[in-house]
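Below, each chain spelled out in residue letters.
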Amino acid sequence: LRRLRNKKQEMNWFKKLKVKQKIAMSTFIVIILMTILSALSIKFILFPCLLDEIAKRGTTICRSIIKRGRMHITKHNKAKLLDLLFTEKWMEPNVAYIFILDESSNVIAHTFLSPFPKYLIGLNPLSPGKKQNTRLIETPAGAIYDTVFEVYEGIYPLAIVRVGLNKKYPTRIAYRLMGSLVAIFIFITSLTLVLTHWFSLQITNPILHLSKVAHKLSVGNFEADKSLKKVVRCWDTHDCHEIECPAFNMGDVPCWFLDNTIRKRTEGNAIIKCSQCEVYRENVGDEIDQLMDDFHYMMYRIGIYQSELHKTNDDLKRMNSNYISMLGFVTHELKAPIANAIMSARALHQRMFGSLNKTQDQMIELIYRNLDQSLDMVRNYLDLSRIEKEEMSFQPAPMQLRKDVVQPVLDDQAAIIEELGMQVVNMIEDDVRFEADQNLLRIIYCNLISNACNYGKKHGVIQLTAIDKGDRYRMAVWNDGVGINEDKMPLLFEKFSRIQQNAPMNVKGTGLGLFICRDIVERHGGKIWAESSYGNWISFIIEIPKYLKGGDKCLKKVYS
Amino acid sequence: LVPVCPGYHKMMMKLAKMIFICLFVSLVSTCSKPAEESILPPPTPGVMDKEIILGTSLALSGHASFLGTQTLCGALCYLNAVNDRGGIHGRKIRLISYDDGYDPPQCLANTQKLIAEDMVFGLFCYVGTPTSAKIIPIIKEAKIPLVGIFSGAQILRKPFIRYIINIRTSYYQEIAAVIMQFVQSMGIKKIAVFYQYDDYGFDGLAGTQIALERYGLEPVAAGSYQRGSLEIEAAFEKIMASKAEAVVMVGTANPCAKFIRLAALKDFYPIFHCVSFMGADQLANKLGKAGEGVIITQVVPSPAETLLLPAAAEYTRFLAHYYPDEKPNYVGFEGYINARVVVEGLRRAGRDLSREGLIDAFEGIDNLSLGIANPLSFSSTDHQGLKNIYFTQINEGRLILLTNIERMITH
């Protein structure tokens, strides 16, 4: 297991290398292996062959001497024999010595230029029945392959020819060969490494560049294509001169050759193009060049789409802004008449202008209630308009939640609460104080309590709480309404979303209340969410930090 | 630009270093040649406390024996005189001489014996081209000095061998000088070569061809004979048929004398030229009247010039003292000059004698006056001591020095 793990780690190590390094390393390893193999083949194949050849060479020399010198041996003609021996010796550079012994082991002739070393005679004895033998003997001058060859006259031995061949000679050849081989291989290695390095750079540099650009693209930087730094030469067919393509690196300037948008020139049906235009070039250069071209082309396309998208986006923003302005204007204009109408309706209802019969009274009340709802809607739309146009004023100040926010809202809503028979349990302590815009908080509570009334059970319970959570307050508006399903939760705080499940049919809303609530809470750096048990209860929970961290700026930033 | 995993550069640097070291080692191992080893005698053999042993192998018997004996007499008379005066640096010179009968294998055997058994310090006064050529590999292997060879063969001069000290001029130079006279001064174009069929003769033939090539000529005929034989008829017919006006003879005295006599018999009278190896005095004696006009180039001046040349006078005196039976001659005089050069070398090498030291001493000789009106010089790249050539002609059975070759007597 450990071995496996080690292996895995080694693999990881190899994986971590760059392609360039991998190529260089594998080339290097292959060449080193080749070098070692050839050195070994020299050592274990060529070298023994050379030695074998040497041993055979000794026998050949002996035979040659015997063939040419038999008569001189018989006659003991020392001068002629010496001539023969020296001629043989000088023909072979690695002959150490040649000598001839007569039948009683006396030296007839030898090639030494010093007194004959007698110890040589006994060094390579012939075993009985054998005519020749080759043996490696050690002499003070080094290892020598000594060949002994017996000459016969009829059946009686006449003389013995001994030839010594230096062992160091083939050894030197083998080592020199090995050395030069290693040198050649090292030369090739260095050359190959340099070439591989250059070649892998040719591959990896563009890929690296492309991957960098792709990375920039992936994080949304569409300006990255400029780093490809391609200068595309174009031919201005109109003015007949070469220019730098004004369009290629700029998405917002269309290439008249590519898009045929401007200055499109045709001859018959064929569009006139730059002969060198890189936009049109296909299958030029190697695979990497083609990849670069395609990539560049893709970048160009993305650039164009991007600029089109920006344009559309701007258009949409402008339209939205117009719509919001109109909404704000309309609702603002509607607010005053409706308020006046409400006051008039209330005056009538309170018999300020004389008594009303029962039917009239009911009608007036209906008018009053509808107007009230309309005013709510107008207020909501006005808030929305302010939010969208970022005109909602935000003026946080230290305030007391129960006294400054909740109680006024409850007082406002007292009539409807009473009418619906709801029971409000206000469990908020007097000492819940923090820094917030109390007008905005009132909007929240107004919306939430109004919701609780509208969607809650008749004669139900509304429970208001505020818990100190250290650095923040957690406030909740709980009621025992039907609540909502878990899957509808995400839609709850969206603009214009109305969850139409089991709502009383007469409840009208803009679907803006909770959206505005969320906006206000976030403006305070807080969170709002709902928890519900469908059919039993629902609770809206708001968390607002006690202190506005980083001040207004931070919040604005968060908001924007 | 390229992000690299840490340690990669270090690794690459180490690799590069390793590669360089391997390269260096392998280059050194391929280029350097291990020193040649051979079974050699201990340093400076033949140098004893009171004695220096020199060896020589020359023809003391057979057809070339005149050259050998005269050279040996000339050399020994001077060596004896030196020994009688106390030797060199307290050492007397002993010369071991063996007869090779002008036979190369015998010379080889003698040389091996001198080196391996007699353990001589140096070799001296060899006679003959084929014999000397045979032992060149031994000289190189044993690194033993060989001084003063009675041969002008090119093989002893080029390629240059450190251990061979040549005193006399080469055959090439002798022949070139005589060819120049023939062609330039006398306008002779038809020149034939008569040569001994061995290294000596081939050397002379090549020398003639080279000398003639300078004038855009080549030998009109070339005839040869076997060493030691007198069968020259075929060569004679060939050369006579070519109607040569001059014949360059590269051989020994007997066959050449036979050739010249035969030519006189057949009414064929070209100018004969013999190289110095011929043994001029012997040839003159052998030819008698038939030898009139034969030109012989010499590498030493005449030993008869006892009044002009102090060396000739000394040679004559020493020879008369030590070998009263011998007469002064060119061959002996050359032996005497060789001995003088060897003694000068040994003297300069000093008491602490070695073979390499002797060669260095020779190479230090510059413009040494030997008393032959011809200074001797060696250098580390030139082991050719003397450069002069003397023309002699047989006149009334005697050799006379030609001071003006154009006054040459022609038949």
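Residues numbered from 1 in each chain as written. Chains lettered and ligands numbered in written order. Predicted model: local features only at pLDDT ≥ 70, side-chain atom pairs only at ≥ 80, totals over all residues. Heavy atoms only, no water.

Chemist: When you look at the overall build of chain B in this model, what are you seeing that I'm missing?
Modeler: A count of helical and extended segments in chain B gives 13 helices and 12 strands. Residue burial in chain B is summarised as follows: out of 411 residues, 56% are buried. Partitioning the intrachain contacts of chain B with sequence separation of at least 6 by distance along the chain shows that 69% fall at a separation of at least 24. Of the roughly 17,100 Å² of accessible surface on chain B, a fraction of 55% belongs to carbon and sulfur atoms. (Helix = DSSP H or I, 4+ residues; strand = E, 2+ residues; numbered from the N terminus. Buried < 20%, exposed > 50% of the residue type's maximum accessible area, 1.4 Å probe, protein only. Contact = heavy atoms within 4.5 Å. Areas by Shrake-Rupley, 256 points an atom, 1.4 Å probe, with all protein chains shown as cover.)

Chemist: How should the overall build of chain A be read in this particular structure?
Modeler: Scanning chain A from N- to C-terminus turns up 10 helices and 16 strands. For chain A, buried positions account for 40% of its 560 residues. Looking at chain A as shown, the accessible area adds up to about 32,500 Å², and 57% of this sits on carbon and sulfur atoms.

Chemist: I would appreciate a short explanation of the pattern of salt bridges in the present structure.
Modeler: Opposite charge on two side chains permits them to pair, given that their charged atoms come into close proximity. Tallying each qualifying case throughout the model produces 35 salt bridges over all chains. Between A:R518 and A:E522 there is a salt bridge, with its nearest N and O atoms 4.0 Å apart. Taken together, the residues A:R518 and A:E522, both in helix α9 (residues 513-523) and four residues apart, mark about one turn of the helix. In this structure A:R518 comes out as partly exposed when scored by relative accessible area, which is 25%. Between B:R162 and B:D360 there is a salt bridge, with the nearest N and O atoms lying 3.0 Å from each other. Remark: B:D360 occurs in helix α13 (residues 355-363) and B:R162 occurs in the loop between β4 (146-147) and β5 (164-165); sequence separation between them is 198 residues. (Salt bridge = Lys/Arg side-chain N within 4 Å of Asp/Glu carboxyl O.)

Chemist: Is there a simple way to think about the side chain of A:D383 in this case?
Modeler: Position of A:D383 among the secondary structure elements: in helix α6 (residues 358-388). Ignoring anything within four residues of it in the chain, the contact list for A:D383 reads A:M392, A:I443 and A:I516.

Chemist: I'm lost on the environment of A:Y455 in this one. Help?
Modeler: Mapped onto the elements of the fold, A:Y455 is located in helix α8 (residues 438-455). Sequence spacing of A:Y455 and A:G481 is 26 residues, and the spatial spacing of their C-alpha atoms is 6.3 Å.

Chemist: Hey, could you run me through helix α5 (residues 287-349) of chain A in this one?
Modeler: Each α-helix turn comprises 3.6 residues. Residues three or four places apart therefore point the same way. Residue and element names in this part refer to chain A. Relative to the 93 Å expected for 63 residues at 1.5 Å per residue, α5 spans 87 Å between its end C-alpha atoms, a close match to the ideal helical length. The largest bend in α5 amounts to roughly 25 degrees and is located at K335, with the proline P337 lying one to four residues further along. The first or second residue beyond α5 is R351, which carries a positive phi of 60 degrees. (Expected span 1.5 Å × (residues − 1). Bend = angle between axes of the 7 residues up to and from the residue.)

Chemist: How do you make sense of the packing of aromatic side chains when you look at a structure like this?
Modeler: The geometry of an aromatic ring pair is captured by two quantities: the separation of the ring centres and the angle between the planes. Considering all chains together, one arrives at 24 aromatic pairs over all chains under this definition. These aromatic residues form a ring-pair network of at least three members: B:F194, B:Y225, B:F236, B:F259, B:F268 and B:F272. (Phe/Tyr/Trp six-rings, centres within 6.5 Å; stacked < 30°, edge-to-face > 60°.)

Chemist: Please clarify how helix α4 (residues 168-218) of chain A should be interpreted in this entry.
Modeler: Residues and elements named next belong to chain A. Over its 51 residues, α4 runs 70 Å from end to end, which matches the ideal 75 Å to within 8%, given 1.5 Å per residue. At L201, α4 shows its largest kink, close to 30 degrees. Two residues or fewer after α4 comes G220, characterised by a positive phi angle close to 90 degrees.

Chemist: Any chance you could explain the sheet that holds strand β14 (residues 472-479) of chain A here in plain terms?
Modeler: Residues and elements named next belong to chain A. Taken together, the five strands give an open sheet; going across it, the order is β11-β13-β14-β16-β15, and neighbouring strands pair in mixed fashion. The sheet terminates laterally at β11 (423-426) and β15 (527-533), the two strands that pair on one side only. Averaged over neighbouring strand pairs, the angle between their axes works out to 15 degrees when direction is ignored. Sheet topology places β14 next to strand β16 (residues 537-545); eight bridges connect them, and they run antiparallel. Directly across from M475, in β16, lies its bridge partner I542. (Pairing = 2+ DSSP bridges. Axes fitted to C-alpha atoms, helices over the stretch in contact; angles between N-to-C directions.)

Chemist: I would appreciate a short explanation of the nonpolar core in the present structure.
Modeler: One recurring pattern in soluble globular proteins is that nonpolar side chains are buried together. Judged by nonpolar contacts, the single largest core of 169 residues is most densely connected at B:L123, B:F194, B:M249 and B:L283. With residues up to four places along the chain from it excluded, the contact list for B:L283 reads B:A253, B:C256, B:A257, B:C274, B:M278, B:V294, B:I296 and B:I394. The next biggest cluster of nonpolar side chains, apart from the first, holds 50 residues, and it includes A:M392, A:A452, A:V521 and A:F540. (Core = buried A, V, L, I, M, F, W, Y, C linked by side-chain atoms within 4.5 Å.)

Chemist: Please clarify how a nonpolar patch on the surface should be interpreted in this entry.
Modeler: On the surface, a nonpolar cluster with roughly 600 Å² of combined accessible area is contributed by A:I32, A:I36, A:L37, A:L40, A:F44 and A:I45. Relative to the helices and strands, A:I36 is located in helix α2 (residues 19-75). (Patch = residues over 30% accessible without salt bridge, like charges linked within 9 Å, V, L, I, M, F, W, Y side chains within 5 Å.)

Chemist: Honestly, the confidence of the model for chain B in this entry has me stumped. Any pointers?
Modeler: Low-confidence regions, as indicated by low pLDDT, have predicted coordinates that should not be scrutinised in detail. All names here are of chain B. A residue-level look at chain B finds 90% of positions with pLDDT of 70 or above and a mean pLDDT of 87. Of all helices and strands in chain B, the one with the weakest mean pLDDT is helix α1 (residues 8-31) (67), whereas strand β6 (residues 191-196) scores best (95). When the criterion is pLDDT under 50, residues 33-41 qualifies, and its contacts beyond four places in sequence or with other chains add up to 14 contacts. Confidence metrics for the complex model read pTM 0.60 and ipTM 0.78. (pLDDT = per-residue confidence, 0-100.)

Chemist: Got a minute to help me understand the packing of helix α7 (residues 401-420) of chain A against α8(A) in this structure?
Modeler: The axes of two packed helices give the description: the angle between them and the distance between them. Residues and elements named next belong to chain A. The geometry of α7 relative to α8 is characterised by a closest axis approach of 9 Å and an angle of 30 degrees between their N-to-C directions. The orientation of α7 with respect to α8, classified from their angle, is roughly parallel. Helix-helix and strand crossings are classified by hand; for α7 and α8 the assignment is right-handed. Touching L401, D404, V405, V406, P408, V409, L410, Q413, I417 and L420 of α7 are Q438, L441, R442, Y445, C446, I449, S450 and C453, all from α8. Residues that form the contact of α7 with α8 fall into these classes: 13 nonpolar, three polar and two charged. (Parallel < 35°, antiparallel > 145°, perpendicular 65-115°, else oblique. Left-handed = near helix turned anticlockwise from the far one by under 90°. Nonpolar A, V, L, I, M, F, W, Y, C, P; charged D, E, K, R; others polar.)

Chemist: Teacher, can you tell me more about the pairing of strand β8 (residues 246-250) of chain B here?
Modeler: Across a regular strand the side chains alternate sides, sitting on one face of the sheet and then on the other. Residue and element names in this part refer to chain B. For β8, a buried count of five out of five residues is recorded, marking the element as mostly surrounded by other parts of the structure. Burial of the side chains of β8 extends over both faces: A246, V248 and V250 are buried on one face and V247 and M249 on the other. In this sheet, β8 lies alongside β6 in parallel orientation, the contact comprising five bridges. When the bridges of β8 are listed, F194 appears paired with M249. Across four bridges, the pairing between β8 and strand β9 (residues 271-274) is parallel. Looking across to β9, one finds that V247 is bridged to F272. With respect to chirality, the unit in which β8 leads through helix α9 (residues 253-265) into the neighbouring parallel β9 is right-handed. (Right-handed = clockwise from strand over helix to strand, strands pointing away.)

Chemist: Please clarify how the state of the cysteines should be interpreted in this entry.
Modeler: In a disulfide, the sulfur atoms of two cysteines are covalently bonded to one another. Following the criterion strictly, the structure yields zero disulfides over all chains and no others. In this structure B:C77 is a free cysteine whose sulfur lies 7.9 Å from that of B:C73, the closest cysteine sulfur available. (Disulfide = S-S within 2.5 Å.)

Chemist: Even after reading the chapter, I still don't get the pairing of strand β13 (residues 461-468) of chain A, so can you show me in this structure?
Modeler: All names here are of chain A. Across four bridges, the pairing between β11 and β13 is parallel. Its bridge partner lying in β13, Q423 is registered against V461. Bridge count between β13 and β14: seven bridges; the pairing is antiparallel. Bridge pairing in β14 places A466 opposite M475. Hairpin connection between β13 and β14: a loop of three residues separates the two successive antiparallel strands, and G470 in this loop has a positive phi of roughly 85 degrees.

Chemist: Please clarify how the side chain of B:Q298 should be interpreted in this entry.
Modeler: With respect to the helices, strands and loops of the structure, B:Q298 is situated in strand β10 (residues 295-298). Every residue in contact with B:Q298, bar those within four places of it in the chain, is listed here: B:S276, B:A280, B:Y330, B:N388, B:I389, B:Y390, B:T392 and B:L399.

Chemist: What should I look at first to understand the sheet that holds strand β5 (residues 156-166) of chain A in this one?
Modeler: Working definition: the strands of a sheet are paired by backbone hydrogen bonds and lie parallel or antiparallel to each other. All names here are of chain A. Sheet architecture is open: five strands sit in the order β2-β1-β5-β4-β3, paired in antiparallel fashion. Two strands close off the open sheet at either side, each with one partner strand: β2 (107-110) and β3 (132-139). Between one strand axis and the next, the sheet turns through 20 degrees on average, direction left out of account.

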